[in-house]
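# Report on the structure
Listed below, chain by chain, are the residues.
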Amino acid sequence: MKDFFISYNSADKTWAEWTAWTLEEAGYTTVLQAWDFRPGSNFVLEMQRAASEAERTIAILSPAYLNALYTQPEWAAAFAQDPTGEKGTLLPVRVQKCDIEGLLPPIIRIDLLDLNETAAKEGLLQGISRERMKPSIEPKFPGGAQRSVTEQPRFPGTLPPIWNVPHNRNLNFTGREEHLASLKTALSSGKPAALTQAIHGLGGVGKTQLAFEYAYRNVAEYDIVWWVRSEEPATLAADYASLAKALDLPDKEAADQLLIIKAVKQWLEQNPKWLLVFDNAKDRAYVRNYIPQGQMGHVLITSRNANWLGTATPLDVKVLKRPESVDLLLKRTGYADREAADTLADALGDLPLALEQAGAYMDATRRSLPDYLKMFTARKNELWDRAGPPPDYPDTVATTWNIAFDEVRQLSPSGADLLNLCAFLAPDDIPVELLNSGVQYLPESLTAVASDPLAFDDAVDPLRRYSLVEITAETISVHRLVQAVTRDRLDEDEIKKWAEAAVRIVNKAFPFKSDDVGTWPVCSRLLPHALAAAEHAEALDVASDSTGRLLNQTGLYLKGRAQFAEAKEMFEQALAIDEAAYGPDHPDVAIDVNNLGLILKDLGDLEGAKKMFERSLAIDEAAYGPDHPQVAIYVSNLGLVLQDLGGLEDAKKMHERSLAIGEAVYGPDHPQVAIYVNNLSLVLQDLGDLEGAKKMFERSLAIDEAAYGPDHPTVAISVNNLGFVLKDIGDLEGAKKMYERALVIGEAAYGPDHPQVAIYVINLGGVLEARGDLEGAKKMYERALAIFTKYLGVDHPNMVTVQNNLDSLS
């Protein structure tokens, strides 16, 4: 007899399989149509046998199950055997909301509605037990019972425990009640198509403010509200992945950012009461893969793009209605003249951003509504006469902000210059420490601001009063339209001056060892500012030395995080900038060429990589001579790609040459020498000199362990390679130990789904296959293939290798 027969409708197959798997993992036996009814068998007989040979029947309840004809005899047979429920023969398990009628309502059911996986497992296993469910811990007296901290309701109005909304609530928020009600109704409806809402509209209409207000009004509904800056793919990925730390997920420190993103998305798909906000997303392609599946939480998207059908339900946000505009002006200024406010609102086009700016100016200067209207009209005509209407934002925005800029310039020239600098960085979370670390690159007007906290406070005070920036203890944020207007106010020389200052201070702060895991938190924080500053500097052709270096370091960081396509783009930009700045044969150009070669090799373009390495080598040989340590690096890289291309003798010559240079420069026990020793070992192995290769690998490993300790990622490479030669020699047990050690180190450093880890997985699979453990080998190859599929094309050599390994097993 089996323990359970799982009765289900095909629409609930995933629930049925999960239930059967959970029960069998707990030691029970089950009968499941999807697993046990094989082609060629008689379905009716199989069903009759399953129902009669199982002690108990689990009915997976859903609307589809209750409305299907053939499921009724299945649960009815169980009911007939035990109509009083004394034996628990029929166990209803509800997985969806449904109306339970007839004979089923009196039967106590197991309810898995709205539970995460852990709670659902616990509920299922407790529910099938026929034992008395007396708790092992004495219940507390109800009169004085206190909930645990995690269960205690939040005090009304307090923020959720996980909350990263970047700005304080706008106390002057006015209007938009219809939009807020529409969002609330849609997101609360439970309908899958309504759980992702896209707020779209022109710049300045208040899309982000609407998302802020929704989040603040509905704090009681969520345990998590997470804001994701979505203008750039790299920033989107970093912000989304950072939720892993707040959730304390096991993969939070993984080197592979895609693994962290996968873990966050999976957690959100299994847990309720969260709100994700993707702010300023450009289009569907940017965010589609980040939106969790299922119905556990809610998603808001703000965007200027209206095309969201198929991904989200669009909500078009236009300018305010006139009464709302008037209310906003009066609330912001404290005045009561509705007629004057109506006239000014008309002039401002009812645009929330312009209304807010005008209100902030009047609040700071106490100018009246009619006075501000006169000033606005005169300044607007002046701006239009000089340059015409602005192309990228409403003219009302340009006019209101120009009025404020002039006032700030009079009150605090250093504050105005700080705004000029911020206009060439990313808009959100500009680290104040950037000013301190790059003070030598700032104009004289900002040197005191960077080094003196009192001077900094004096500079930002008028910017804050006129609503031009938002300030925290550590960051400055500027609306992207404020940045655009600020840049457009500057003449050509000033634009270049501030773009250069911005790229130089970010370049100074961006870590040198950006491919080192230890620097990645800093790299992640600076990434959006690096991209923004480099873009402006490249377009204006300023500070090419800093721009090229910054893009190269950004590329190394992205390469380390296995974002190969983005890294390639960074290296190509760096190369183009440095070639224009220094000419084609400069040593700095050789660095860019070499790094581009490395990423081409990672992507499987071996011929392209070979050309890059040959070019970088030729440049540095001409610059430094044949025996320089920098030359040795390029010689070694060329040797690696020659080996991959099958040129073993040529590769051997390259590695012998790089080793000779390294030993002459550093001595025999330097970590750089260990790299050359390791690379020579690889080609000796391919040439059949296994004993020579083994000695070299052992030497490389000894150097690295002495330099880095036993658990460093560099040590894992030497351990892995020693496993190679042990396997070829026939020491399969020794090889297996090496591969297992390399895999443990790699997983600890990079996480389980990094391409470097996949290499160790393949190698472990190879030695398992050689030992006759074909099932273990198959699992390793399948795991490696799954990892490579995320990052590499189908024609990449690593993909081909692992697929061939799998084919050989079958």
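All values reported here derive from a predicted model rather than from experimental measurement. (Residues numbered from 1 in each chain as written. Predicted model: local features only at pLDDT ≥ 70, side-chain atom pairs only at ≥ 80, totals over all residues. Heavy atoms only, no water.)

## As for the overall build of the protein chain
This is how it is decided: What counts as a helix is a DSSP run of H or I of at least four residues, what counts as a strand is a run of E of at least two, and both are numbered from the N terminus. For every residue, the accessible area (1.4 Å probe, protein chains only) is compared with the maximum for its type, and the residue is labelled buried under 20%, exposed over 50%, or partly exposed between those bounds. In these tables, accessible area is a Shrake-Rupley quantity obtained with a 1.4 Å probe, and a residue counts as shielded only by the protein chains included in the view. For this count, His and the chain ends are skipped, Lys and Arg are scored as positive, and Asp and Glu as negative. The location of each charge is read from NZ of Lys, CZ of Arg, CG of Asp or CD of Glu.
Helix and strand counts for the protein chain stand at 36 helices and 14 strands. On the principal axes, the C-alpha backbone points of the protein chain span a range of 90 × 85 × 50 Å. Scored against the burial criterion, the 810 residues of the protein chain give a buried share of 51%. Roughly 37300 Å² of accessible area belongs to the protein chain as shown, and the carbon and sulfur atoms make up 52% of that amount. Here the protein chain carries 79 positive and 116 negative side-chain charges, and the mean point of each set is 5 Å from the other.

## Considering the pattern of salt bridges
For clarity, the cut-off: Basic side-chain nitrogens of Lys or Arg form a salt bridge, by our definition, when they fall within 4 Å of a carboxyl oxygen of Asp or Glu.
Tallied over the full model, the rule gives 39 salt bridges. One salt bridge in this structure joins R109 and D111, with 3.9 Å as the shortest N-O distance. The exposure class of D111 is partly exposed, given its relative accessible area of 33%. Among the charged side chains, a network of salt bridges with common partners joins R169, E177, E213 and R217.

## What to know about the confidence of the model for the protein chain
Basically, it comes down to this: Values of pLDDT, which run from 0 to 100, indicate the predictor's confidence residue by residue. A contact between two residues is defined here by any heavy atoms of the two lying within 4.5 Å.
Per-residue confidence for the protein chain averages 86 on the pLDDT scale, and 93% of its residues sit at or above 70. Across the protein chain, helix α22 (residues 492–509) holds the top mean pLDDT of 96, while helix α15 (residues 369–387) sits lowest at 72. When the criterion is pLDDT under 50, residues 143–151 qualifies, and its contacts beyond four places in sequence or with other chains add up to three contacts.

## A look at helix α34 (residues 755–770)
Just so we agree on the cut-off: To estimate the expected span of a helix, count its residues, drop one, and scale the result by 1.5 Å.
Over its 16 residues, α34 extends 23 Å from the first C-alpha to the last, a length consistent with the 22 Å expected when each residue adds 1.5 Å. The first or second residue beyond α34 is G772, which carries a positive phi of 95 degrees.

## Describing the pairing of strand β8 (residues 224–229)
For the record, the criterion: When DSSP finds at least two bridges between two strands, those strands are taken to pair.
Among the six residues of β8, six are classified as buried, and the element is accordingly described as predominantly covered. Because side chains alternate across β8, one face comprises the buried residues I224, W226 and V228, and the other comprises V225, W227 and R229, equally buried. With two bridges connecting them, strand β6 (residues 162–163) and β8 associate as parallel partners. The residue bridging W163 from the neighbouring strand is V225, located in β8. Where β8 and strand β9 (residues 274–279) come together, six bridges link them in parallel fashion. Each bridged residue has a counterpart across the sheet, and for I224 the counterpart in β9 is W274.

## Points about the pairing of strand β3 (residues 54–61)
The buried fraction of β3 is high, at seven of eight residues. As paired elements, β3 and strand β4 (residues 90–94) share five bridges and run parallel to each other. Bridge pairing links I60 to V93 in β4.

## What to know about the side chain of N9
Defined as follows: For the purposes of these results, a polar contact is taken to be a pair of N or O atoms within 3.5 Å, where, inside protein, one atom must be able to donate a hydrogen and its partner to accept one; residues adjacent in sequence count only when each atom of the pair is a side-chain atom.
Mapped onto the secondary structure, N9 falls in the loop between β1 (2–7) and α1 (13–25). Here A11 takes part through its backbone nitrogen, which lies 2.8 Å from a polar atom of the side chain of N9. If sequence neighbours within four positions are ignored, N9 has contacts with A64, Y65, A68, Y70 and T71.

## With respect to the environment of M296
Mapped onto the secondary structure, M296 falls in the loop between α11 (284–287) and β10 (298–303). It is 4.4 Å that separates the C-alpha atoms of M296 and P272, two residues lying 24 residues apart in sequence. The residues contacting M296, other than those within four sequence positions of it, are L115, L268, E269, Q270, N271, P272, K273 and W274.

## Regarding the nonpolar core
As a reminder, the rule being used: Side-chain atoms within 4.5 Å are what join buried Ala, Val, Leu, Ile, Met, Phe, Trp, Tyr and Cys residues into a set we call a nonpolar core.
L300, L418, L421, L468 and I476 are the most contacted members of the largest nonpolar core, which has 180 residues in total. Ranked by residues supplied to this core, first place goes to helix α23 (residues 520–540) with nine residues. When near neighbours in sequence (up to four residues on either side) are disregarded, L418 contacts L435, L446, F456, V460, L463 and I476. A237, L247, I260 and I291 belong to the second largest nonpolar core, which has 32 residues in total.

## A short note on the environment of M654
Relative to the helices and strands, M654 resides in helix α29 (residues 648–666). Spatially, the C-alpha atoms of M654 and L640 are 8.6 Å apart, while their sequence positions differ by 14 residues. Setting aside residues no more than four positions away along its own chain, M654 makes contact with V635, L638, G639 and L642.

## A short note on unusual backbone geometry
Although it is not a glycine, D248 sits at a positive phi angle of roughly 60 degrees. Relative to the assigned elements, D248 resides in the loop between α9 (233–247) and α10 (257–270). Backbone geometry at D429 places phi at a positive 55 degrees, although glycine is not the residue there.

## Observations concerning the sheet that holds β10
Put simply, the rule is: Structural elements are reduced to axes, namely lines fitted to C-alpha atoms, with helices fitted over the stretch in contact, and the angle between N-to-C directions of any two is expressed from 0 to 180 degrees.
Pairing in this open sheet of six strands is parallel, and the strands run β6-β8-β9-β10-β7-β11 from one edge to the other. Strands with a single pairing partner mark the edges of an open sheet, and in this sheet they are β6 and β11 (313–316). On top of the sheet, helix α8 (residues 207–217) reaches β6, β7 (196–200), β8, β9, β10 and β11; it is set at about 160 degrees to β10, its chief contact. Contacts between α9 and the sheet are confined to β6, β8 and β9, with β8 contributing the most and set at about 155 degrees to the helix.

## Describing the packing of helix α28 (residues 629–644) against helix α30 (residues 671–686)
As a reminder, the rule being used: For classification purposes, an angle smaller than 35 degrees is called roughly parallel, one larger than 145 roughly antiparallel, one from 65 to 115 roughly perpendicular, and anything else oblique. Each crossing is labelled by how the near helix is turned from the far one, with a counterclockwise turn of less than a right angle marking it left-handed and a clockwise turn marking it right-handed. Any residue that is not Ala, Val, Leu, Ile, Met, Phe, Trp, Tyr, Cys, Pro, Asp, Glu, Lys or Arg is counted as polar, Gly included; the first ten are nonpolar and the last four charged.
Close contact between α28 and α30 brings their axes to 11 Å; oriented N to C, the two are set at 25 degrees. Taken together, α28 and α30 sit at an angle that is classed as roughly parallel. Note that α28 runs across α30; the crossing there is left-handed. Packed against α28, whose contacting residues are P629, A632, I633, S636, L640 and Q643, the element α30 presents Q672, Y676, N679, L682, V683 and D686 at the interface. Grouping the amino acids of the contact of α28 with α30 by side-chain chemistry returns seven nonpolar, four polar and one charged.

## Points about the sheet that holds strand β13 (residues 470–471)
Here we have three strands laid out as an open sheet, ordered β12-β14-β13, and antiparallel in their pairing. Because the sheet does not close on itself, it has two edges, and the strands there are β12 (430–431) and β13. Bridge count for β13 against strand β14 (residues 475–477) is two bridges, and the pairing is antiparallel. Bridge pairing links E470 to S477 in β14.

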